[in-house]
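So the chains spell out like this:
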Amino acid sequence: MKKLLSLLLVSVLLLGTTSAFAAQKVGVSMPTKSLQRWNEDGEYLKAQFEAGGYEVELQYAGDNDVPTQVAQLETMLLNGCTVLVITAIESTALGNVLAQAKEAGVKVICHDRIIMDTPAVDYYATFDNFQVGEIQGQYVVDTLGLAEGKGPFNIEFHAGDPGDNNATYFFNGAMSKVKQYLDNGQLVCVSGQTTFDQVATPSWKTETAQARMDDIIASFYADGKPLDVVLCSNDSTAQGATNALVAAGFKPGENFPIVTGQDCDIASVKNILKGTQSMSIFKDTRILAARTVEIVNSVLAGKEVEVNAVVNNNVFDVPTFYCTPLFADINNYQQLLIESGYYTAEQLAN
Ligand code: BGC
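What you see is a predicted model, and the numbers here were worked out from it, not measured in a lab.

1. Focus on the overall build of the protein
Then, in step 1: Secondary structure assignment for the protein yields 12 helices and 13 strands.
Then, in step 2: The dimensions of the protein, computed from C-alpha atoms along their principal axes, are 95 × 40 × 35 Å.
Then, in step 3: Sorting the 350 residues of the protein into buried and exposed places 52% on the buried side.
Then, in step 4: Put simply, of all contacts in the protein between residues at least 6 apart along the chain, 71% involve residues at least 24 apart.
Then, in step 5: When the accessible surface of the protein is split by element, carbon and sulfur atoms take 54% of a total near 15200 Å².
Then, in step 6: For the protein, the distance from the average site of its 22 positive side-chain charges to the average site of its 40 negative ones is 6 Å.

2. Thoughts on the site of the ligand
Then, in step 1: For the ligand, the set of nearby residues contains 13 residues, the closest of which are Asp 112, Arg 113, Asp 164, Asn 234 and Asp 263.
Then, in step 2: A distance of 3.0 Å is found between an oxygen atom of the ligand and a side-chain nitrogen or oxygen belonging to Lys 283.
Then, in step 3: Within the complex, 99% of the 310 Å² of free accessible area of the ligand lies under protein.
Then, in step 4: Judged by the fraction of its atoms near the pocket grid, the ligand is located in the largest cavity.
Then, in step 5: Listed by contribution, the elements that provide at least two residues to the shell around the ligand are α2 (36-51) and α6 (165-183).
Then, in step 6: Along the lines of polarity and charge, the residues of the shell around the ligand split into 4 nonpolar, 3 polar and 6 charged.
Then, in step 7: When residues of the shell around the ligand are assigned to domains, at least three fall in each of domain 1 (2-121 + 284-324) and domain 2 (129-282).

3. Considering the pattern of salt bridges
Then, in step 1: Taken as a whole and judged by the stated rule, the model has 11 salt bridges.
Then, in step 2: Close ionic contact of Glu 55 with Lys 25 constitutes a salt bridge, the shortest N to O distance being 4.0 Å. A residue pair is termed long-range when its members are at least 10 positions apart, and Glu 55 in strand β2 (residues 55-60) and Lys 25 in strand β1 (residues 25-30) qualify at 30 residues.
Then, in step 3: Glu 55 sits in the partly exposed class, given a relative accessible area of 41%.
Then, in step 4: Classification of Lys 25 by relative accessible area gives buried; the value is 17%.
Then, in step 5: Linked by salt bridges that have partners in common, Lys 25, Glu 55 and Glu 57 make up one network.

4. Overview of the packing of helix α9 (residues 235-247) against helix α10 (residues 266-274)
Then, in step 1: Between α9 and α10, the shortest axis-to-axis distance is 9 Å and the interhelical angle comes to 50°. Here α9 lies oblique to α10, going by the angle between them. Between α9 and α10 lies a crossing whose hand is left-handed. Of α10, the residues touching α9 (which contributes Asp 235, Gln 239 and Thr 242) are Ala 267, Ser 268 and Asn 271.
Then, in step 2: Class assignment for the residues of the contact of α9 with α10 results in 1 nonpolar, 4 polar and 1 charged.

Criteria and cut-off values
Residues numbered from 1 in each chain as written. Predicted model: local features only at pLDDT ≥ 70, side-chain atom pairs only at ≥ 80, totals over all residues. Heavy atoms only, no water. Helix = DSSP H or I, 4+ residues; strand = E, 2+ residues; numbered from the N terminus. Buried < 20%, exposed > 50% of the residue type's maximum accessible area, 1.4 Å probe, protein only. Contact = heavy atoms within 4.5 Å. Areas by Shrake-Rupley, 256 points an atom, 1.4 Å probe, with all protein chains shown as cover. Lys, Arg positive; Asp, Glu negative; His and termini not counted. Charge placed at Lys NZ, Arg CZ, Asp CG, Glu CD. Near = heavy atom within 4 Å. Polar contact = N/O pair within 3.5 Å; in protein donor to acceptor, adjacent residues only side chain to side chain. 1 Å grid on protein atoms, 1.4 Å probe; cavity = no way out; pocket = protein on both sides within 12 Å on 5 of 7 lines; lining within 4 Å. Sits in = over half its atoms within 2 Å of the grid points. Nonpolar A, V, L, I, M, F, W, Y, C, P; charged D, E, K, R; others polar. Domains from an automatic or database assignment. Salt bridge = Lys/Arg side-chain N within 4 Å of Asp/Glu carboxyl O. Axes fitted to C-alpha atoms, helices over the stretch in contact; angles between N-to-C directions. Parallel < 35°, antiparallel > 145°, perpendicular 65-115°, else oblique. Left-handed = near helix turned anticlockwise from the far one by under 90°.

In short, geometric facts, not functional conclusions.
And the structure:
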């Protein structure tokens, strides 16, 4: 009996040691390398998971190619990943592969973008996306003095990719601040394009936003009508708007409109310094990566996962951690982006 007990004890100890040393494999699936943001998320996730002793398979789905993302996720499952961290290209396109993951007991974490219409996700880590839009909208309200009754001012909009669930949150958040002024005439959208569908930018492409801005300028502002605001949901669309505005001869400090953005991409921070973009939103991707790693650590250790919100994905309320997005402009970028070690001053030099 004694022998049996000590044998048991030895095997328990051995098992304990083995599992502590068997690295869990995490599949990290990012949408594209063509936007600075996802390169950062991918690299920070990889580095932080590896620092925690995980093995990492990091893949980028071509340039926002949904079938590639699905195929890469299938390969990650075949390669023995026990956790998938996914930033989905198309929020409703991953149902089948995630059903396979669930069947295999694999944990799925939505990173930055929620995956809709599936029961097969476990947690979601993101920034408060509605708040991102609110900050952009409030900036327009404050800068133009709309609450003090100023106006009318002319405004145009560029929103994000219709397949990305975040895009409607950003747009609706911004609209929640500016809609009353569109309704009462203090803001006038000369093109008349104010619905999400009219102003969406497939794949968030700079070139697409730029082409639409070119058209709007040519059709509605060629007679020298002032354009006061271009409310863009993120930096890739803001860069498109800015390129078109510069090409059409709008001048910073003279008649350049307010241009909003999000992500603090290096190219956009440079534009902020040049006066061809007004603000951005800083979403510290180091913090989001750390949060996703923390969720995975807790899930695998069977510990309670810290969350502060739920987001419904049409199937259930997905337990969510919202990180806080921060306003960034020329007045605080030094402290926010350089002193925090996010960028070096050289990276931002024009
Ligand atoms: C992200 C934004 C990003 C956009 C384009 C969104 O889902 O939240 O930060 O600008 O995708 O990649």
